[in-house]
Amino acid sequence: MHTITLKVQNTMYDHIMYLLKNLDKKEVEVIQDYQVPDQVNIKQQLKALLENKDIEIFQSIDNPMLWQQAQRDEWL
């Protein structure tokens, strides 16, 4: 048994997967490897998204501890 790794453009992915899935299941095992996005990149994207917002989050909360307890009470 051999292992082959392919890097394909998004436009070709469906065509290649169709071909592979239609081969004999006894002869070919398709293992899809999904790449996890870089965590730093996600943090940077979130930071850029929120950077230009003028929203004052949680300004109406006078006592954070009581607010948090009320949130937990709703779960019960």
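Since the structure is predicted, the reported quantities are computational estimates derived from the model, not experimental observations.

### Some remarks on the overall build of the protein chain
In terms of helices and strands, the protein chain carries three helices and zero strands. Taken from the N to the C terminus, the helices and strands of the protein chain come in the order α-α-α. Counting only C-alpha atoms and orienting by the principal axes, one finds that the protein chain spans roughly 65 × 35 × 20 Å. For the protein chain, buried positions account for 1% of its 76 residues. Carbon and sulfur atoms make up 55% of the accessible area of the protein chain, which totals about 8,300 Å².

### Re the confidence of the model for the protein chain
Predicted confidence across the protein chain gives a mean pLDDT of 84, with 92% of residues reaching 70 or more. Of all secondary-structure elements in the protein chain, the lowest mean pLDDT belongs to helix 2 (residues 39-51), at 79, while helix 3 (residues 64-75) reaches the highest, 91.

### Quick look at the environment of Lys 7
Relative to the assigned elements, Lys 7 resides in the segment before helix 1 (10-21). When the C-alpha positions of Lys 7 and Lys 47 are compared, they lie 30 Å apart, and in sequence the two are 40 residues distant.

### Points about helix 1
With 12 residues, helix 1 should cover 16 Å at 1.5 Å per step; its first-to-last C-alpha distance of 17 Å lies within 8% of that length. Burial runs low along helix 1: only one of the 12 residues are buried.

Rules used throughout
Residues numbered from 1 in each chain as written. Predicted model: local features only at pLDDT ≥ 70, side-chain atom pairs only at ≥ 80, totals over all residues. Heavy atoms only, no water. Helix = DSSP H or I, 4+ residues; strand = E, 2+ residues; numbered from the N terminus. Buried < 20%, exposed > 50% of the residue type's maximum accessible area, 1.4 Å probe, protein only. Areas by Shrake-Rupley, 256 points an atom, 1.4 Å probe, with all protein chains shown as cover. pLDDT = per-residue confidence, 0-100. Expected span 1.5 Å × (residues − 1).

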